[in-house]
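# Analysis of the macromolecular model
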Amino acid sequence: MRIFGASGVVRDAIVPSASTAASDPNAAETLSRQLGPGPFSLIMLFMSPAADLERLPTDAARVFAGVPIVGCTTAGEISGAGYDEGTVVALALPSEFFRVDTVTIPDLMRLDPPALAAAIVRKRVAMSQQYPELAHEFAMLLVDGLSQKEDELTSALAAGLGAMPMLGGSAGDGTRYARTFVLDGDRLSRNAAVLALVRTECPVRVFNFDHLIPTERRMVVTEADPRRRVVRQINAEPAAREYARLVGKDPQQLSPFTFAAHPVAVRMGARHHVRAIRQVMENGDLVFFSAIDEGVVLTITEPADMVGQLKRELAGLCMPERPTAILAFDCILRRLEAEEKQVVGRVSGLLRRYGVVGFSTYGEQFGPMHVNQTMTGVAIYPPGTVLPEKVSE
């Protein structure tokens, strides 16, 4: 397939992408026309909850017959327009450059980490033996964003993936936090995940970044329900009230915009990783997007310049050569912050300029970790590109 770049110059689309309105009754056919004839090793679909989720999986399986399909519902999409909403976004990995094997985890409530890690090792070894000429690899995970099992899952997968870099995103449901689905073939499932193991001729760079600066303000979780990711007390005070005091807000006015503007993080090694707050309950408890427990020390962070930081990171991914595609999983809280600060247009312009596609998530996976309020993804470069040894984080 050949497309026009931003400069109007025709170039090869090694990794084609497409999008259509969620209301499109022939969404699968529309996406197929835009992606081109293939053949493809994998189709990814990132679907607005507004799409016809009963019909679309069946239609896609028919239209892309014989091609593995993975995907999930979103908290917003990233398309050729930048930040998008109410759409279905597709990305295809052509067979000319990619080989893919998938692993389905059908029931996260019955996760068996040793068995899963062993299965991943077998798949990796088989692929390396079958495609020794494909020197580059990565793993992509899509997981139910309301399963509350991402931390355990990523840890189990890391044991099997070894040195293979992994990126991932947690399925979303807009800002409703009610029903999230993972797509595997023609099946939509909850409490499930799907992992794609990819070998390719194209050099890749898996990345993870945020724009948050740790402050000196810290707090300790003194009462929690780790299984439900609920914090009841902070510093031995009701959680929502104490958090509001520390960030200088009225407890009655806490909202997702507050949580996006004042994230809390845990320090691991030299880096701070966000443990994002999802919502405040009527009783004043705080519900988190990722694992939390009593005794955890949380640092309040403040966002730096989102637009400037995003521009620097994306420009860095273009060194020494512009990627042919950038697949990104972007936390919903980043989008909410962009809305609150009225910079959605500028962020969208950067995403569009650098050809980023993907979706807004309920959390991201990077290596063995489940993280929040980051942009995590993979930049895919034309064959023959020589990348720096140090991978961007």
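On a predicted model such as this, the values are computed, not experimentally measured, just so you know.

## Some details on the nonpolar core
Ranked by internal contacts, the top residues of the largest apolar core, which has 32 residues, are Met 44, Phe 46, Leu 93, Met 140, Leu 142 and Leu 327. Met 44 has contacts with Val 70, Val 89, Ala 90, Leu 91, Leu 93, Met 140 and Leu 327, leaving out every residue within four places of it along the chain.

## Quick look at the environment of Gly 384
Turning to its location among the elements, Gly 384 is positioned in the segment after strand 28 (375-380). Here Gly 384 falls in the exposed class, since its relative accessible area comes to 67%. Distance from Gly 384 to Cys 202, taken between C-alpha atoms, is 7.3 Å for residues 182 residues apart in sequence.

## Some words on the packing of aromatic side chains
As enumerated under the stated definition, the model contains 8 aromatic pairs in all. With centroids separated by 5.8 Å and ring planes inclined at 65°, the aromatic side chains of Tyr 177 and Phe 289 adopt a geometry described as edge-to-face. Here the residue Tyr 177 occupies a position in the loop between strand 11 (166-170) and strand 12 (182-184), and Phe 289 occupies one in the loop between strand 22 (286-288) and strand 23 (297-303), the gap between them amounting to 112 residues. No difference in accessibility class separates Tyr 177 from Phe 289, as the two residues are buried. Their ring planes at 55° and their centres at 5.2 Å tell us that Phe 329 and Phe 359 sit as a pair that is tilted. Within this pair, whereas Phe 329 is found in strand 24 (residues 325-331), its partner Phe 359 is found in strand 25 (residues 356-361), the two being separated by 30 residues in sequence. The burial state of Phe 329 is the same as that of Phe 359; both residues are buried. In this structure an aromatic cluster arises from ring pairing among Phe 46, Phe 329 and Phe 359. Stacked on the ring of Phe 181, the Lys or Arg Arg 190 has its end atom at 5.9 Å from the ring centre.

## Observations regarding the pattern of salt bridges
Within the structure shown, the criterion is met by 21 salt bridges. Linking Arg 55 and Asp 59 is a salt bridge whose minimum nitrogen-to-oxygen distance equals 2.7 Å. According to the relative accessible area criterion, Arg 55 is partly exposed, its value standing at 37%. As a salt-bridge pair, Arg 241 and Glu 237 come within 2.9 Å of each other at their nearest N and O atoms. Residue classification places Arg 241 among the partly exposed residues on the basis of a relative accessible area of 47%.

## A word on the packing of helix 1 (residues 27-35) against helix 2 (residues 56-63)
Across the interface, helix 1 lies against helix 2 with an axial gap of 8 Å and an inter-helix angle of 40°. Relative to helix 2, the element helix 1 is oriented oblique. The handedness of the crossing between helix 1 and helix 2 is right-handed. Between helix 1, through Ala 27, Ala 28, Glu 29 and Ser 32, and helix 2, the contact on the second element is made entirely by Leu 56, Asp 59, Ala 60, Arg 62 and Val 63. A breakdown of the residues in the contact of helix 1 with helix 2 according to their chemical character gives 5 nonpolar, 1 polar and 3 charged.

Analysis parameters
Residues numbered from 1 in each chain as written. Predicted model: local features only at pLDDT ≥ 70, side-chain atom pairs only at ≥ 80, totals over all residues. Heavy atoms only, no water. Core = buried A, V, L, I, M, F, W, Y, C linked by side-chain atoms within 4.5 Å. Buried < 20%, exposed > 50% of the residue type's maximum accessible area, 1.4 Å probe, protein only. Contact = heavy atoms within 4.5 Å. Helix = DSSP H or I, 4+ residues; strand = E, 2+ residues; numbered from the N terminus. Phe/Tyr/Trp six-rings, centres within 6.5 Å; stacked < 30°, edge-to-face > 60°. Lys NZ or Arg CZ within 6 Å of the ring centre and 35° of its normal. Salt bridge = Lys/Arg side-chain N within 4 Å of Asp/Glu carboxyl O. Axes fitted to C-alpha atoms, helices over the stretch in contact; angles between N-to-C directions. Parallel < 35°, antiparallel > 145°, perpendicular 65-115°, else oblique. Left-handed = near helix turned anticlockwise from the far one by under 90°. Nonpolar A, V, L, I, M, F, W, Y, C, P; charged D, E, K, R; others polar.

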